[in-house]
Amino acid sequence: REPKNKLPTYKGLENFKLLDKMGDGAFSNVYKAMDLTTGQTVAVKVVRKFELNASQAGEKHLNIQFKKKPRVTERANILKEVQIMRGTNHSSIVKLISFSESQEHYFLVMELMEGGELFHQIVKLTYFSENLARHVILQVAQGIRYLHEERGVVHRDIKPENLLFERIPIIPSKGSVQRPYDEEKEDEGEFVPGVGGGGIGRIKIADFGLSKVIWNEETMTPCGTVGYTAPEIVKDERYSQSVDMWALGCVLYTLLCGFPPFYDESINVLTEKVARGYYTFLSPWWDDITHSAKDLIQHLLCVDPAQRYTIDEFLAHPWCTAAPAPPPVSP
Ligand code: ADP
Ligand code: MG
């Protein structure tokens, strides 16, 4: 993180005092900031109106599992992101507080997710126990269910970098134990949300920059004129929500073992693996993971979108409905 004195000032953002940098991408910077009129601490996403050249934009992120798409910061795109966020109201979705713009930037003021990216927690912890993974993934899934079923929105960019923790999770130091989140500790309440103010807490879906409305909420019909739409488009639209389900499968897989289901040094080989849906439950990492978890992943990382689980099927799966393991009986 950059030291405080290196935080920039933006024309048009005079009502906010920037406190810290929370994240940066090719075209946006996200800051922790104080709203000087209300005293509220918020997150401000500052998006440059003009694209930088490719080398300036650069590959800033260590992006282990997903190819980073260059973002064209067109006005229409930002307005769509803002409009979709404005229309949402769910505890698993980051809230937009306000939107404004200057000549050079767009400013999205959001609720602050102090705990940062799930991505960083995976890096820190190596991997999550099934109970903890369930706790995290169910919150994400509730958010996706709300988007898919109540808003007709596809997120299209579900990944650990866009899943944010409300508070800084309490985690044991890396290396001290082989499996940091063991069931025993969880059951002591140490990693359960709301217990002693600690734990892993709430996680929310952020970054609606690639999201899309697929059906009209009022009329419950697909967006656009249906009558003249080509069958391949209609088909695509029918399964468009399934892209989030694939991504959810990738996130769940990664949570449980610490590495993504599809990876290769060569982008061509990686693309081919994804296209064929070629992944394995690699030994020894997957040896102790339940059959139920693997079964669920298999229904998500399924190449045919028509066969892939919908969000309702996901939530009804035994792995999701299972109660956390009871605390071990002490002798
Ligand atoms: P981009 O389109 O550049 O990926 P994001 O909306 O994903 O933009 O924000 C980039 C990063 O900024 C996120 O990955 C996260 O680390 C951080 N971030 C975004 N929104 C918030 C927020 N509301 N609170 C805290 N950090 C945030
Ligand atoms: Mg992002």
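Here, the structure is the one placed above.
Overview of the structure. Treat the numbers as computed from the prediction; the structure is a model and nothing was measured. (Residues numbered from 1 in each chain as written. Chains lettered and ligands numbered in written order. Predicted model: local features only at pLDDT ≥ 70, side-chain atom pairs only at ≥ 80, totals over all residues.)

Here the focus is the nonpolar core. By size, the foremost hydrophobic cluster in this structure holds 64 residues, and its most contacted members are Val136, Val140, Leu248, Leu252 and Leu255. In terms of residues, this core owes the most to one element, helix α7 (residues 242-257), which gives ten residues. (Core = buried A, V, L, I, M, F, W, Y, C linked by C-beta atoms within 7 Å. Buried ≥ 20, exposed ≤ 12 C-beta atoms within 10 Å, placed from the backbone. Helix = DSSP H or I, 4+ residues; strand = E, 2+ residues; numbered from the N terminus.)

Bringing the packing of α7 against helix α9 (residues 291-300) into the picture now. Their axes nearest at 8 Å, the elements α7 and α9 cross at an angle of 150°. By the angle between their axes, α7 is roughly antiparallel relative to α9. Considering the relative orientation of α7 and α9, their crossing is left-handed. When α7 is examined against α9, the residues Met245, Trp246, Leu248, Gly249, Leu252, Tyr253 and Leu256 are found in contact with a partner set consisting of Ala293, Ile297 and Leu300. Among the residues making up the contact of α7 with α9, the classes are represented as nine nonpolar, one polar and no charged. (Axes fitted to C-alpha atoms, helices over the stretch in contact; angles between N-to-C directions. Parallel < 35°, antiparallel > 145°, perpendicular 65-115°, else oblique. Left-handed = near helix turned anticlockwise from the far one by under 90°. Contact = placed C-beta atoms within 7 Å. Nonpolar A, V, L, I, M, F, W, Y, C, P; charged D, E, K, R; others polar.)

The interhelical angle for the contact between helix α4 (residues 130-151) and α7, taken along N-to-C directions, is 165°, at an axis separation of 10 Å. Overall, the two elements α4 and α7 adopt an arrangement that is roughly antiparallel. In this structure, α4 crosses over α7, and the sense of that crossing is right-handed. Residues Glu130, Ala133, Val136, Ile137, Val140, Ala141 and Ile144 of α4 touch α7, and the partners they reach there are Asp244, Leu248, Val251, Leu252, Leu255 and Leu256.

Taken together, the neighbourhood of ligand 1 is formed by 21 residues, with Gly23, Gly25, Val30, Ala43 and Asp207 sitting nearest. Split into classes, the residues belonging to the shell around ligand 1 amount to nine nonpolar, six polar and six charged. (Near = placed C-beta within 6 Å.)

Taken in spatial order, the three strands line up as β6-β8-β9 in an open sheet, and their pairing is antiparallel. Of all the strands in the sheet, the pair left with one neighbour each is β6 (116-117) and β9 (203-205). Of the pairings in the sheet, the one linking strand β8 (residues 163-165) to β9 comprises three bridges and is antiparallel in character. From the neighbouring strand, Leu164 faces β9, where its bridge partner is Lys204. Contacting β8 and β9, α4 crosses the sheet at an angle of about 35° to β9. (Pairing = 2+ DSSP bridges.)

Strand order across the open sheet formed by five strands is β1-β2-β3-β5-β4, with antiparallel pairing between neighbours. The sheet is open, and its two edges are formed by β1 (16-24) and β4 (96-101), each paired on a single side. Within this sheet the neighbouring strands show an average axis-to-axis angle of 25°, counted without direction. In the sheet, strand β3 (residues 41-48) pairs with strand β5 (residues 105-111) via seven bridges, with the strands oriented antiparallel. Residue pairing across strands places Val42 opposite Glu111, the latter belonging to β5. Lying over the sheet, helix α2 (residues 75-86) contacts β3, β4 and β5, oriented at roughly 155° with respect to β4.

Keep in mind these numbers describe shape, not what the thing actually does.
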